[in-house]
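Chain residues, written in single-letter form:
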Amino acid sequence: NGKVYYVPGVGIDTDVYKNIVVDRASIRSTLGLKDTDIVCISMGDLIPRKNYIAAIKAIAKCKNPNLHYLICGKGPELENLKMLVKKLSVENQIHFLGFRTDIKELLKTADIFLFTTLQEGMPRSMMEAMASGLPCIASKIRGNVDLLEDEKGGFLVAVDDLDIIAEKLRILSSDIELRKKMSERNLVRILDFDTAKVKEIIGKIYREELG
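Residues numbered from 1 in each chain as written. Predicted model: local features only at pLDDT ≥ 70, side-chain atom pairs only at ≥ 80, totals over all residues. Heavy atoms only, no water.

A. Summary view of the pattern of salt bridges. Scanning the model with the defined rule gives 16 salt bridges in all. Put simply, Glu120 and Lys50 hold a salt bridge, and the shortest N to O gap is 2.7 Å. In this pair, Glu120 sits in the loop between β4 (112-115) and α6 (124-131) while Lys50 sits in the loop between β1 (38-43) and α3 (52-62), placing the two residues 70 residues apart along the sequence. We note that Glu120, like Lys50, is buried. The salt bridge involving Lys61 is made with Asp163; its shortest N-O contact spans 3.1 Å. Of the two residues, Lys61 sits in helix α3 while Asp163 sits in helix α8 (residues 162-174), which places them 102 residues apart along the sequence. In the salt-bridge network here, residues are joined through shared partners; they are Arg24, Arg28, Asp35 and Asp111. (Salt bridge = Lys/Arg side-chain N within 4 Å of Asp/Glu carboxyl O. Helix = DSSP H or I, 4+ residues; strand = E, 2+ residues; numbered from the N terminus. Buried < 20%, exposed > 50% of the residue type's maximum accessible area, 1.4 Å probe, protein only.)

Okay, structure coming up:
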């Protein structure tokens, strides 16, 4: 018989990501990438729930040697994923970067956030990507649908539909103006999940309940 309130997650300090300035060409060079490459990125533990398998298979389906995928994180699935990459002959496109302390800089270096996870709460990694101005291709699941506006800030896709994921990758890869438009949309959208906004909402709840 209580009340239910909606709070948009724990919040994210959007200014921290907005104000990051990087030498994009220099960072890409250290990763063996060209400025003309289209770079996707994901962050998180290498575990089955994160469903990196779908992302890797979709990259392979695109058959675009200039499409690259940075995977930041470590975990028990690493060797399985490396074997899959070898089997699909995309060793030159999939980059396992391990644990990183420069995620903010890497996000600014990428073009697309690729997130085929099977289950989330309110995903911090996608919040970081949106705050960095990245268009997103994300699985249509709880949490992701709260953050991303389909076809405005990116695309929401079925977790197991490799053809659709690959199609959306092709669309974003080939259309820089669409990427810019979705980037701008996400920079505005993520403000609804800023730490200051979350504090304001929680404060209002406390004032209402405690008088």
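B. Examining α3 more closely. Counting buried positions along α3 yields 8 of 11 residues, so the element is predominantly enclosed. Every buried residue of α3 is accounted for by Tyr52, Ala54, Ala55, Ile56, Ala58, Ile59, Ala60 and Cys62. In the core, the buried residues of α3 are packed alongside β1, β2 (67-72), α4 (78-87), β3 (94-98), β4 and α8. (Contact = heavy atoms within 4.5 Å.)

C. Representation of the state of the cysteines within the structure. Under the criterion given, the structure shown has 0 disulfides. The closest cysteine sulfur to the non-disulfide-bonded Cys40 is located on Cys62, 8.0 Å from its own sulfur. For Cys40, a relative accessible area of 0% puts it in the buried group. Overall, the relative accessible area of 11% leaves Cys62 in the buried class. (Disulfide = S-S within 2.5 Å.)

D. Local environment of the sheet that holds β1. An order of β3-β2-β1-β4-β5-β6 is seen for the 6 strands of this open sheet, with the pairing classed as parallel. Bordering the open sheet on either side are β3 and β6 (154-157), each of which pairs with just one other strand. Each strand axis lies, on average, 20° off the axis of its neighbour in the sheet, ignoring direction. Sheet topology note: the strand β5 (residues 136-139)/β6 ladder contains 4 bridges and is parallel. Counterpart to Ile137 in the pairing with β6 is Phe155. (Pairing = 2+ DSSP bridges. Axes fitted to C-alpha atoms, helices over the stretch in contact; angles between N-to-C directions.)

E. Highlighting the nonpolar core. Ranked by size, the top nonpolar core spans 30 residues in total, and within it Ile41, Leu106, Leu107, Phe113, Met126 and Ile190 carry the most contacts. Elements represented by at least two residues in this core include exactly β1, β2, α5 (103-109), β4, α6 and β5. Here this core takes 5 residues from α6, the largest share from any one element. Leave out the neighbours within four places in its chain, and Leu107 touches Tyr17, Ile41, Met43, Glu128, Ala129, Ser132 and Leu134. Among the nonpolar cores identified, the runner-up in size contains 29 residues, and Leu67, Leu81, Leu84 and Leu172 belong to it. (Core = buried A, V, L, I, M, F, W, Y, C linked by side-chain atoms within 4.5 Å.)

F. Layout of the pairing of β4. Here β4 shows a buried face lined by Ile112 and Leu114 and a second buried face lined by Phe113 and Phe115. Direction of pairing for β1 relative to β4: parallel, over a ladder of 2 bridges. In the sheet register, Cys40 faces β4, and the bridge partner there is Ile112. Judged from the 3 bridges that link them, β4 and β5 form a sheet pairing that is parallel. By the bridge assignment, Leu114 is partnered in β5 with Ile137. Taken together, β4, α6 and β5 form a β-α-β motif whose crossover is right-handed. (Right-handed = clockwise from strand over helix to strand, strands pointing away.)

In short, the description is geometric, and any link to function would need to be established separately.
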